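Descriptive structure summary
The primary structure of each chain is shown beneath.
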Amino acid sequence: MHKTANVLNKVAKLVQPKVKQAFHELWMAQAKSDALKAFELTLSTYSAKYPKAMACLEKDKEQMLAFYDFPAAHWQHIRTSNPIESTFAAVRVRIAKTRGCVARHTILAMVYKLGLSAQKKWRKLRGFKLLAEVIRGVQFKDGEPITQLSKSELNRAVG
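All figures in this text were calculated on a predicted structure; none of them were measured in a lab.

Let's talk about the packing of helix 3 (residues 32-46) against helix 4 (residues 51-59)
For the pair helix 3 and helix 4, the least separation of the axes is 9 Å and the interaxial angle reads 160°. In this view, helix 3 runs roughly antiparallel relative to helix 4, as classed from their interaxial angle. The interaxial crossing formed by helix 3 with helix 4 has left-handed handedness. Of the residues in helix 4, those in contact with F39, T42, L43 and Y46 of helix 3 are P51, M54, L57 and E58. Class assignment of the residues belonging to the contact of helix 3 with helix 4 gives a composition of six nonpolar, one polar and one charged.

A short note on the side chain of Q16
For Q16, the position within the fold is in helix 2 (residues 16-27). Among the polar contacts made by the side chain of Q16, one reaches the main-chain carbonyl oxygen of L8 at a distance of 2.7 Å. Beyond its immediate chain neighbours, meaning those up to four positions away, Q16 contacts L8 and V11.

Some words on a nonpolar patch on the surface
A cluster of nonpolar residues, F128, L131 and I135, forms a patch on the protein surface that exposes about 310 Å² of accessible area. Relative to the helices and strands, L131 is located in helix 9 (residues 131-136). Owing to a relative accessible area of 34%, L131 belongs among the partly exposed residues under this scheme.

Things to note about helix 3
A rise of 1.5 Å per residue sets the reference length of helix 3, with its 15 residues, at 21 Å; its end C-alpha atoms lie 21 Å apart and thus fit the reference within 8%. All buried positions along helix 3 are accounted for by A35, A38, F39, T42, L43 and Y46. Each buried residue of helix 3 lies within a common arc of 135° when the element is viewed along its axis, so the set occupies one face. Facing away from the buried side of helix 3 by over 90 degrees, the exposed positions are K37, L41 and S44. Where helix 3 is buried, its residues contact helix 2, helix 4 and helix 5 (61-64).

About the cut-offs
Residues numbered from 1 in each chain as written. Predicted model: local features only at pLDDT ≥ 70, side-chain atom pairs only at ≥ 80, totals over all residues. Heavy atoms only, no water. Axes fitted to C-alpha atoms, helices over the stretch in contact; angles between N-to-C directions. Helix = DSSP H or I, 4+ residues; strand = E, 2+ residues; numbered from the N terminus. Parallel < 35°, antiparallel > 145°, perpendicular 65-115°, else oblique. Left-handed = near helix turned anticlockwise from the far one by under 90°. Contact = heavy atoms within 4.5 Å. Nonpolar A, V, L, I, M, F, W, Y, C, P; charged D, E, K, R; others polar. Polar contact = N/O pair within 3.5 Å; in protein donor to acceptor, adjacent residues only side chain to side chain. Patch = residues over 30% accessible without salt bridge, like charges linked within 9 Å, V, L, I, M, F, W, Y side chains within 5 Å. Areas by Shrake-Rupley, 256 points an atom, 1.4 Å probe, with all protein chains shown as cover. Salt bridge = Lys/Arg side-chain N within 4 Å of Asp/Glu carboxyl O. Buried < 20%, exposed > 50% of the residue type's maximum accessible area, 1.4 Å probe, protein only. Expected span 1.5 Å × (residues − 1). Arc of directions from axis to C-beta.

The structure is reproduced here in structure tokens:
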């Protein structure tokens with residue numbers, strides 16, 4: 001969301017819906033190869049008129065497409081900043097009201113309790129059972145686990 005806003009701020013208002021649509025095609029691609037094609041198409045389409053915007057986009061290319069290296073069930077959660085934003089929204093409102101009225105240890109306790117309260121409304125992570133594989137270091141490509149074939153399996157598959 002933040003990268004989209006940063007790039008759109010550098011583009012004329014009239015063109016913003018088209019650029020935003022190009023972003024959606026990029027982030028909603030089924031495979032990283034499709035996303036890279038959409039990325040290059042977006043750069044080639046808008047680089048001539050909006051070089052600063054496209055430089056901003058290109059600068060974080062790898063980070064923006066990193067979610068393709070995780071399970072597909074997790075993509076929805078990785079692509080959004082909403083969990084972070086909504087978590088801190090409740091805290092931000094309370095902190096603004098009490099600014100300067102409390103000691104450091106009491107404000108930390110309040111933030112902790114607000115976080116505990118906010119987590120009751122959180123949705124479960126889609127594909128949470130795949131977290132164990134991610135933690136173990138299983139590699140994913142386009143949302144699917146990469147399996148290592150032995151030489152004999154590879155020979156049977158090829159020959």
